[in-house]
Amino acid sequence: MSVRRLAKEQPASFAFSKATKAKADWWIAKYPEERRQSAVIPILWLVQKQEGWVSEPAIRAIGELLGMPYIRVLEVATFYTMFMLEPVGSAALIQVCGTTPCMLRGAGELMKVCKDRIGPKDTLSADGRFTWQEVECLGACANAPMAQINDYYFEDLTPESMARIIDDFAAGKKPEPGSRAGRASSEPEGGALTLTDPKLYDGSAAKPIRKLPNSDPVSA
């Protein structure tokens, strides 16, 4: 794994928004005072939601808020790949799964669409609106190929549907996440093949329990 570094160009300063600070205080209050540093991950995430990425001034501000050395916050931010250490697209951060199931189902073609429409991976697009990455397994293998775009999963993708999604984001729209094959969750294409009778799982076929087993009081 390559070493993850902070972006070369950094903003001059960082300030928590009122909403971010209120939520950060809420997280800090969940821990004993001497354990306030335990809130570092959710606060890093709050900062990323505010700014779009985690800058060096933000890391210092988090350290000051939590009473942590700057390097300790930096260690956390560089360890977890969910934290972006340089600016990403303001419209969409597209993370295409490149692990085996998705690759076998056409992830390479999705990446080609991203490269043709956006530019090189791990690079902010010329207009500042898009970034795309190749990432490891995102846990939706049954619906391969898929990508996480911003906070949501887009599954059963094709080159054509990926292109339409990018066009929609470029037009300021919010494409609906989920399967592009119309399936719910991870059921087979065309619909569920097992547990098709609701009585098997809705409790209607269950017999009422008159008495719980082993519920008699123990006699001395």
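Structure first, text after, so check above.
Residue indices begin from 1 for each chain and proceed along its sequence in written order. Restriction of local features to residues with pLDDT of at least 70 applies here, the model being predicted, together with a cutoff of 80 or more for giving and counting side-chain atom pairs; totals for whole chains, interfaces and linings are based on all residues. The side-chain figures draw on all heavy atoms in the structure; neither hydrogens nor water molecules are used.

Q: Teacher, can you tell me more about the packing of aromatic side chains here?
A: Each aromatic ring pair is summarised here by two numbers: the centre-to-centre distance and the angle between the ring planes. Paired rings are identified among Phe, Tyr and Trp, the last through its six-membered ring, by centres lying within 6.5 Å, and are further divided according to the angle between planes into stacked (under 30 degrees), edge-to-face (over 60) and tilted (the rest). One pass over the full model with this rule turns up four aromatic pairs. Measuring from centroid to centroid gives 5.2 Å for Trp 26 and Trp 27, while their planes differ by 85°, and the two rings are edge-to-face. Assessed through its relative accessible area of 24%, Trp 27 is described here as partly exposed. Between Phe 79 and Tyr 80, the ring centres sit 4.9 Å apart and the planes meet at 85°, which makes this aromatic pair edge-to-face. Remark: exposure states derive from per-residue accessible area (1.4 Å probe, protein chains only) relative to the maximum for the residue type, with buried under 20%, exposed over 50%, and partly exposed in between. Taking relative accessible area as the criterion, Phe 79 reaches 60% and is therefore assigned exposed. The class of Tyr 80 is partly exposed, set by a relative accessible area of 33%. Of the aromatic side chains, those joined through ring pairs into one cluster are Phe 79, Tyr 80 and Phe 83.

Q: Quick question: what am I supposed to make of the pattern of salt bridges here?
A: Pairing is possible between side chains of opposite charge, provided their charged atoms come close. Within this document, salt bridges are pairs made up of a side-chain nitrogen of Lys or Arg and a carboxyl oxygen of Asp or Glu, the two lying within 4 Å of each other. Applying the stated criterion across every chain, the model contains eleven salt bridges. Linking Asp 25 and Lys 21 is a salt bridge whose minimum nitrogen-to-oxygen distance equals 2.9 Å. In this pair, Asp 25 and Lys 21 are both assigned in helix α1 (residues 18-28), four residues apart and thus about one turn of the helix distant. We classify Asp 25 as partly exposed; its relative accessible area is 32%. With a closest N to O distance of 3.5 Å, Arg 72 and Glu 75 form a salt bridge. You can see Arg 72 and its partner Glu 75 sitting in helix α4 (residues 70-79), three residues apart, about one turn around the helix. Here the salt bridges do not stand alone but share partners, grouping Arg 105, Asp 156, Arg 183 and Glu 189 into one network. Every helix listed is a DSSP run of H or I at least four residues long, and every strand listed is a run of E at least two residues long, numbered separately from the N terminus.

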